[in-house]
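What follows is each chain in one-letter form.
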Amino acid sequence: MRQKWLYWNNASRKWLWLIVIIGLVASIPVIRDRVQTESSADKVELVFNYRGLLDISTYQAHPQDFMDQQMTRLKDAGVTTMAVFESTLDELKKTRRLMVYSGQDLANMTKELVPPNANYTYVLFTSEENAQTYTPIIEQTFAERQIPVKPWEYEGHSGLILQTPPENANMQPMQPDPVAVKMLRDKGFHILPRISDTVPYNQQSMERMLTFFEESGVTRILFDGDAVKGYNDNAEMKSLDQFAQLLNKHHIGLAAIENLKKPQDGFQTLAYKIDYNVTRLYSLSDADANLKEDTIADRFVLAAKDRNIRMIYMNAAPSRNTAKAAITDPIDNLIKSLGEPGHAVERMAKHGFELGQAEAFTVKDSSIQRYAKLIALIGAIALIALMVSYFAPVFTIAVFLLGLVGSAGLFLLKPTLLEQGIALLAAISAPTIAMVLAVRTVNAQQLRQPDAPAGRRLAQTLVLYVRTSILSFVAVPFMIALLNNITYSLVINQFRGVSLLHFAPIGLVAIYIVFYRGSGSISVKQIKDMLRMPINILMVILALVAAAFGYYYLSRTGNAGTVTPFEMFLRTTLEDTFGVRPRFKEFVLGHPLFIVGVFAALKYRKVIFVLMIATMGQLSMVDTFAHIHTPAVLSLIRGVMGLGLGLIFGIIAVGVWQVVEGCWKKWSPLLRN
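Cut-off values and rules
Residue indices follow the written sequence of each chain, beginning from 1 at its first position. Note on the predicted model: pLDDT of at least 70 is required for a residue's local features to be given, and 80 or more for side-chain atom pairs to be given and counted; whole-chain, interface and lining totals, by contrast, use all residues. The basis for the side-chain values is all heavy atoms of the structure; hydrogens and waters are excluded. Each helix corresponds to a stretch of at least 4 residues labelled H or I by DSSP, and each strand to a stretch of at least 2 residues labelled E; elements are numbered beginning at the N terminus. Each residue gets one of three labels from its accessible area relative to the maximum for its type: buried under 20%, exposed over 50%, partly exposed in between, using a 1.4 Å probe on protein chains only. Contacts are assigned to residue pairs that have any heavy atoms within 4.5 Å of one another. The Shrake-Rupley method, run with a 1.4 Å probe sphere, supplies the accessible areas, and residue values consider only the shown protein chains as cover. Among buried residues, the Ala, Val, Leu, Ile, Met, Phe, Trp, Tyr and Cys ones that are joined through side-chain atoms within 4.5 Å form a nonpolar core. For this analysis, a ring pair means two rings from Phe, Tyr or Trp (six-membered ring only for Trp) whose centres lie within 6.5 Å, classed as stacked if their planes differ by under 30 degrees, edge-to-face if by over 60, and tilted for the remaining angles. Any Lys NZ or Arg CZ found within 6 Å of a ring centre and within 35 degrees of that ring's normal is scored as a charge over the ring. The pLDDT score gives, residue by residue, the confidence of the prediction method on a 0 to 100 scale. The definition of a polar contact used here is a pair of N or O atoms within 3.5 Å, where within protein one atom must be able to donate a hydrogen and the other to accept one, and adjacent residues in sequence count solely through side-chain atom pairs. For two strands to be treated as a pair, DSSP must find no fewer than two bridges joining them.

A. Just the overall build of the chain, in detail. Within the chain one finds 29 helices and 14 strands. Here the chain holds 673 residues, and 49% of them are scored as buried. Considering only intrachain contacts with a sequence separation of at least 6, the fraction spanning at least 24 residues in the chain is 80%. Carbon together with sulfur atoms contributes 61% to the accessible area of the chain, which is approximately 32,600 Å² in total.

In structure tokens, the structure reads:
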């Protein structure tokens, strides 16, 4: 009975492969939809932090002249938008709209005693026009905070008395400065408001603010702080629903900051309620604004080209430069990165991007996509069952059937977990199957012709290299089909478990080489013999080397991975030459190691262990597509280019191997003597 069941499981492989092929065909319309979505928005918006410019101007002898001059330079450099924060008394003071005094200041001015029981804030406007503009704003803001406001006058100038200490008054956020907004619009800038959730949500106040934004040509909002507007009051007031209604009414979208340590609270909910009218934003910090011009330009270009980012946000702040005995700023540095010598704007234009107000991607969702995804899901489950068949063939059919039943249950309960889980397992399965079949092929050819000439071995190696790479790429259409959702492209929802993809195929291939190579199966006796094997110093050394390699490999993984100076030079050279840089661990390590490893293993059986590390190249190609915020076409170009360069480096490595092997044959007898 067991033999018959095993026979049916082995026979099921050809049917599973057929299902995989059908799933691949079904994924084509989904891939087409994603490519069309990613090409639907090509405008890049360059944003400068107006508050930073204002802070820098306070250290200048003629602040207003400095502001006018720098805004003209920024506009000429390509900056299209100014980010304007909610105004405060302190900010209005910097712009000379008003003056702020404490009770002590007032006593000094009037030569009177400080009031014994009145710690108030005294606001004096610098002109009657400013008084007419800002009095209603201040009165309304402080009335909403239950802070009494009374009119005041000093030496013919209008003012207000705010019955709260200056420390508290200066913290109260008000609507963005309308005079600054009008001035910036007159200079040709778009406005990107930054609003916070530091005060209780008020629907009427937000209605007035968003009406003002719409009249000022605002199309997008960027939140300031750890939460979106209305998040803190959502439990009691359903304020996110109210705020979303206002955003939709006034046709205003959101900007999502890339690589925050923690997503802003409520952002995912709010984005869903406005139908994902969201654009990704890259923020250059105050410190990074002082980097080299070409480094900053590279960041801007890669953000737009490689990460589907359509808003570039530049921060700038004054700093004390003791070497120059002056207060300096990075504005010149940023302008040079955009123009000469960084050429960021020019380079983005070469990649098809134009400057303007960023637009959300137009999601292409064809009517057939739902059914295509279902078929692709079944194909991915078949691929997972095929991987299991090479390690535990007796469970092949059971895994496939359980996968179908489990997927149906997860679809009803947690569809996001379903699509991510199956996509991850499919991504692990394809390179694992590809490498297992490569190991099998090498074993068969080595046994059939152990003394094959070098030319024949090289031809067999190259054919196997192409076949293995194609099989690894089988996972890609399934990943695209299952994860084709705008939330992944916007990184509102993230593909979890990618770290497992970096190690699982390597571990599975290692298990196959150690336990399955030759027999194609594993026995209890093999396991017992392995467990009883005495440990020697060589084993300990090899284990430490493997651990060190694993740690280094993990440190190189993800956005926080470190790179060597040589690799940085190579990356820059490839980027400048081809416009796309393949992954270093593919074309320098994984692919060449596969080629030289297979070439040598066709003659020397034990060299097959090298393929455990060479698996890195195959899984890295698949992992590239796990970065869903990267355009699919760019990921494909990167993978193919990595294969091409890896082929060149691999053939060179084979040549080096031949030379070393010849020298060893010639000189080893003399060394032994």
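B. Broad picture of the nonpolar core. Core analysis: the largest hydrophobic core is formed by 76 residues, its most contacted members being Leu-383, Ile-422, Phe-495, Phe-594 and Leu-611. It is helix H19 (residues 415-448) that provides the largest number of residues to this core, a total of 16 residues. Excluding residues that lie within four positions of it along the chain, Leu-611 makes contacts with Met-435, Val-439, Val-509, Ile-513, Phe-594, Gly-597 and Val-598. Counting residues in hydrophobic clusters, the runner-up holds 70 residues, among them Ile-195, Leu-247, Ala-289 and Ile-312.

C. Structural detail: unusual backbone geometry. Looking along the chain, the bond that leaves Glu-340 and enters Pro-341 is cis, with omega of 10°. Examined against the element boundaries, Pro-341 turns out to sit in the loop between helix H15 (331-338) and helix H16 (344-350). Here the phi dihedral of Gln-146 falls at roughly 55°; this positive angle occurs in a residue that is not glycine. Here Gln-146 lies in the loop between helix H7 (128-144) and strand S5 (149-154). Taking relative accessible area as the criterion, Gln-146 reaches 66% and is therefore assigned exposed. At Val-491, a position not held by glycine, the phi torsion is positive, near 60°. Following the sequence through the fold, Val-491 ends up in the loop between helix H22 (486-489) and helix H23 (498-516).

D. Looking closely at the packing of aromatic side chains. Applying the stated criterion across every chain yields a total of 12 aromatic pairs. Ring centres 6.1 Å apart and planes at 25° place the aromatic pair Trp-152 and Tyr-154 in the stacked group. On the basis of relative accessibility, which here comes to 17%, the residue Tyr-154 falls in the buried class. When the ring of Phe-473 is compared with that of Phe-625, the centres are 6.4 Å apart and the planes differ by 85°; the resulting orientation is edge-to-face. Taken together, the residues span a long stretch of sequence, with Phe-473 in helix H20 (residues 454-473) and Phe-625 in the loop between helix H28 (610-624) and helix H29 (632-672) at a distance of 152 residues. For the pair shown, Phe-473 and Phe-625 are each scored as buried. Taken together, the ring pairs in this structure connect Tyr-122, Trp-152 and Tyr-154 into an aromatic cluster. Lys-75 extends its terminal NZ or CZ atom over the ring of Phe-189, reaching a point 5.3 Å from the ring centre. Over the ring of Phe-599 we find Arg-457, and its NZ or CZ is 4.2 Å from the ring centre.

E. How the structure looks around the confidence of the model for the chain. Mean pLDDT for the chain: 87, with 90% of residues reaching 70 or above. Within the chain, the element-level pLDDT minimum falls on helix H24 (residues 524-532), averaging 61, and the maximum on strand S11 (residues 311-314), averaging 96.

F. Examining the environment of Glu-45 more closely. By the element assignment, Glu-45 lies in strand S1 (residues 43-49). Separated by 34 residues in sequence, Glu-45 and Val-79 have C-alpha atoms that sit 7.6 Å apart. Here Glu-45 is in contact with Thr-80, Thr-81, His-190, Arg-310, Met-311, Ile-312, Gly-356, Gln-357 and Ala-358, once residues within four sequence places are set aside. Within polar-contact distance, the side chain of Glu-45 engages the backbone nitrogen of Ala-358 at 2.8 Å.

G. View of the pairing of S5. Pairing between S5 and strand S6 (residues 157-162): 6 bridges, direction antiparallel. Paired with Pro-151 across the bridge in S6 is Leu-160. In this antiparallel pair of consecutive strands, S5 and S6, the connection spans 2 residues, and Glu-155 shows a positive phi of 50°.

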